[in-house]
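# Geometric and topological summary
What follows is the residue order along each chain.
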Amino acid sequence: MKPYLKFLAVPLLLILLYNCGKEVGESGDAATSTAKDEEIREYNIGVEKEQTKNRFPCDTISLKEYILDSYEPGTYLVEFDRTYTYNIPKSAVIYFNDAGTNYVLAVIAKSKTGERNIETKNVIGFESSYINLDSTKLGTAFFWLTLFECKESQFTRLWESEVPIHGGFNRMTIKTWTPKNVKFVELNYEDGIISGHRNYNFFMVDGWRKPPHLMETYVGLVLKRRLALVNKDKFPDYLEFKFAEDSMRIRQIDSIPFYWSEKRQLYITDRNPRWFRKF
């Protein structure tokens, strides 16, 4: 072997032996090492505590601590997507009082067991809406709308309802369904696959303290579903629109009413008994 090749081979061999001797996970980043991830989150919470002057019971910092201490590893409080309204990310949390009770409404993302921990930046906004095609490389996120009661500075989890989508989160808004004067929480997700957006609407048909009723609406290039009142019961209904398209134009050709069947626990239509939807 030539002298200069021997000179290069020695340090390369030492590096190889050093890396082979390290324990699995010792050099992993926060996405693959639970301990490292929790260490970083604890540090960030500490920084927030030092920089936040106005604290209050069950504030966002306290909620982040509660999630870190009480949930399974790889669970995070999600942030709203950045908009022109604000450039600094804000946690997806809404505080409100109803009938004298203080509530905390939050969007929480859980990492799929056996995969790498998600990074919240990878499940927010338009680009992350494509994560539904292949989410395993960046981890799979399961979104949950969660309601807490805040009493004497302590969190009590009243319910959590799963959102059937992996990425593209944009915003959360509390609205009122006027025909029945029922509150509902709209979770808006951007969806590049359909060239539009999806709303997962959680209706408080039995009040805030009971688990909500889920119904989806959406608008896309050739897809549309909007809220409607079909059979006049307490559950929301919707119209599902059908389109025809060719190289020249896209046109709406029909709208099909779907209503909730408590017996079947499905959305059904009188147009065809074999047509049904889960939400």
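Within every chain, residues take consecutive numbers counted from 1 along the sequence as written. For a predicted model such as this one, the threshold for reporting local features is a pLDDT of at least 70, and the threshold for listing and counting side-chain atom pairs is 80 or more; totals across whole chains, interfaces and linings nevertheless cover every residue. To get the side-chain values, take all heavy atoms of the structure and skip hydrogens and water.

Take the overall build of the chain next. A count of helical and extended segments in the chain gives 3 helices and 14 strands. The classification of residues rests on relative accessible area computed with a 1.4 Å probe and restricted to protein chains. Under 20% of the type maximum is buried, over 50% is exposed, and intermediate values are partly exposed. In the chain, which comprises 279 residues, the proportion classed as buried is 41%. Only heavy atoms enter the contact rule, under which two residues are in contact if any of them lie within 4.5 Å. If you take every contact in the chain between residues at least 6 apart in sequence, the share linking residues at least 24 apart comes to 47%. Here the accessible surface of atoms and residues is derived via Shrake-Rupley with a 1.4 Å probe, and residues count as covered only by protein chains that are part of the display. Carbon and sulfur atoms form 52% of the exposed surface of the chain, whose accessible area is close to 16,600 Å². Secondary structure elements follow DSSP: runs of H or I of four or more residues count as helices, runs of E of two or more count as strands, with numbering from the N terminus.

As a further point, take the environment of Leu266. Relative to the helices and strands, Leu266 is located in strand β13 (residues 266-268). Here Leu266 falls in the buried class, since its relative accessible area comes to 16%. C-alpha of Leu266 to C-alpha of Phe276: the two residues are 10 residues apart in sequence and 6.4 Å apart in space. If near-sequence neighbours (up to four positions away) are discounted, Leu266 is found in contact with Tyr259, Trp260, Ser261, Phe276, Arg277 and Lys278.

Before going further, it helps to examine the pattern of salt bridges. Working definition: two side chains of opposite charge can pair if their charged atoms are close together. Salt bridges are identified by distance alone: a Lys or Arg side-chain nitrogen within 4 Å of an Asp or Glu carboxyl oxygen. Inspection of every chain in the model, using the stated rule, returns 19 salt bridges. The residue Lys110 makes a salt bridge to Glu160 at a minimum N-O spacing of 3.2 Å. Linking Lys110 in strand β3 (residues 101-111) with Glu160 in strand β5 (residues 154-163), this pair joins segments that are 50 residues apart in sequence. By relative accessible area, which is 28% here, Glu160 ends up partly exposed.

So, on to the side chain of Arg225. Structurally, Arg225 is set in strand β10 (residues 224-228). Within 3.5 Å is the distance limit for a polar contact, defined as a pair of N or O atoms, with the added protein rule that one can donate a hydrogen and the other accept it, and that residues adjacent in sequence qualify only through two side-chain atoms. Reaching out from Arg225, the side chain makes a polar contact with the side chain of Glu240 at a distance of 2.9 Å. A distance of 3.0 Å separates a polar atom in the side chain of Arg225 from the backbone oxygen of Phe279. If near-sequence neighbours (up to four positions away) are discounted, Arg225 is found in contact with Glu216, Thr217, Tyr218, Tyr238, Leu239, Glu240, Arg277 and Phe279.

Take the environment of Asn199 next. Within the fold, Asn199 resides in strand β8 (residues 196-203). For the pair Asn199 and Arg171, spaced 28 residues apart in sequence, the C-alpha separation works out to 9.7 Å. Look past the residues within four positions of Asn199 in its chain and what remains in contact with it is Glu186, Leu187, Asn188, Met215, Glu216 and Thr217. Polar side-chain contacts of Asn199 include one of 3.5 Å to the side chain of Glu186.

Now for the confidence of the model for the chain. Per-residue pLDDT for the chain averages 88, and the proportion of residues at 70 or more is 86%. Note that pLDDT drops below 50 for residues 3-28; the model gives that stretch 4 contacts with residues more than four away or on any other chain. Per residue, pLDDT captures the predictor's confidence, and it can take any value from 0 to 100.

Below, the discussion takes up the pairing of β3. β3 sits mainly inside the fold: 10 of its 11 residues count as buried. We treat two strands as partners when DSSP finds at least two bridges between them. In terms of strand pairing, strand β1 (residues 75-77) meets β3 through 3 bridges, oriented antiparallel. By the bridge assignment for β3, Thr75 is matched with Lys110. Relative to β3, strand β2 (residues 93-98) runs antiparallel, the two sharing 6 bridges. Residue pairing across strands places Tyr95 opposite Val104, the latter belonging to β3. Linking β2 back to β3 in an antiparallel pair, the connection comprises 2 residues, with Ala99 at a positive phi of about 55°. Bridging between β3 and strand β4 (residues 141-151) involves 10 bridges; their strand directions are antiparallel. Residue pairing in the sheet places Ser111 in a bridge with Ala141 of β4.

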